Amino acid sequence: MTEPVVLFSSRRGLYTAFFSPVFLLVLAAWTGWARSVTTTVMVIGLVGAFLAFVVMLDYPIRSEFRPEGIVRVCPARHQLLEWERVVAIERAPGRTRVVPKRGVETGAFRRPAGLAALVGKRRYMLTDRVEGALEYDRLVAAVGVFDEHVVVRAKRPPLATAPTDLYRRKR
């Protein structure tokens, strides 16, 4: 039996996702304190609270590939995607770089991004950054053992890519 594969999301991505809701909540609180509470201030506060709620429930800190399915560990919940429901594991759309680096021919190109699980027609983000080549190999082997019907459409990352647990503290 293959041991579970764990992929981590970046902390910077989580902090960035929390920035907008916190900014809106602080803006609403500051505006409400400096002036009177108006409908606009209440709407800004509600939008900020809603965005914070979504980030807490849907931004994965890590994804674990287990025999029963893929477990997305978010700040406020754990979500299990059973293997029977997962159609494919694919690469999430990457950032497009329009300004090329020196020595690279002109034009836009895509940087590789993290992984997403395709469940029906919906995509669930698994990681927000590219996994290392060794992690990718372990992931493909584990998916083949856990459920042979799931297709791994994600291309192999470059060999020089750092693993997702590089800056994590070892327990």
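Read on for an overview of the structure. (Residues numbered from 1 in each chain as written. Predicted model: local features only at pLDDT ≥ 70, side-chain atom pairs only at ≥ 80, totals over all residues. Heavy atoms only, no water.)

**Quick look at the overall build of the chain**
What counts, and what does not: The helix count covers DSSP runs of H or I at least four residues long, the strand count covers runs of E at least two residues long, and both are numbered beginning at the N terminus. The cut-offs for exposure are 20% and 50% of the maximum accessible area for each residue type, with area from a 1.4 Å probe on protein chains only; residues under the lower value are buried, those over the upper are exposed, and the others partly exposed. Only heavy atoms matter for contacts: two residues are in contact if any of them lie within 4.5 Å across the pair.
Check the secondary structure of the chain and you find 3 helices and 10 strands. Its helices and strands in sequence order give the chain the pattern β-α-α-β-β-β-β-β-β-β-β-α-β, from N to C terminus. A burial count over the chain gives 37% of its 171 residues as buried. Sequence separation of 24 or more characterises 59% of the internal contacts of the chain that already satisfy a separation of 6 or more.

**Quick look at the nonpolar core**
Going by this rule: For this analysis, a nonpolar core means a set of buried residues of the types Ala, Val, Leu, Ile, Met, Phe, Trp, Tyr and Cys, connected via side-chain atoms within 4.5 Å.
F65, I70, W83 and I89 are the most contacted members of the largest nonpolar core, which has 20 residues in total. Aside from chain neighbours lying at most four places away, what touches W83 is F65, R66, P67, E68, G69, I70, I89, V143, F146, D147 and V150.

**A word on the sheet that holds strand 4 (residues 78-82)**
Basically, it comes down to this: Any two strands between which DSSP finds at least two bridges are classified as paired. Orientation is described by axes fitted as lines to C-alpha atoms, over the contacting stretch for helices, and by angles from 0 to 180 degrees between their N-to-C directions.
A sheet is described by the order of its strands in space; here 4 strands give the open sequence 1-2-3-4, paired in antiparallel fashion. The open sheet has two edge strands, strand 1 (5-8) and strand 4, and neither has a second partner. Across this sheet, the average inter-strand angle for adjacent strands is 15 degrees, counted without regard to direction. Pairing of strand 2 (residues 62-66) with strand 3 (residues 69-73) involves 5 bridges; the strand directions are antiparallel.

**A word on the sheet that holds strand 9 (residues 122-125)**
Read across the open sheet, the 4 strands follow the order 9-8-5-10; overall the sheet is mixed. Every other strand in the sheet has two partners, leaving strand 9 and strand 10 (151-152) as the edge strands with one partner each. Here strand 5 (residues 86-91) pairs with strand 10 via 2 bridges, running parallel. In the strand pairing of strand 10, I89 is matched with V152.

**Here's the deal with helix 3 (residues 133-146)**
Because an α-helix packs 3.6 residues into every turn, residues spaced three or four apart end up facing the same way. Spelled out, the test is: Multiplying one less than the number of residues by 1.5 Å gives the expected span of a helix.
Under the 1.5 Å per step criterion, the end-to-end length of helix 3 is 20 Å for 14 residues, consistent within 8% with the ideal 20 Å. Looking at helix 3, one finds that the buried residues are A133, E135, Y136, L139, A142, V143 and F146. Packed against the buried residues of helix 3 are strand 1, strand 2, strand 5, strand 8 (115-119) and strand 10.

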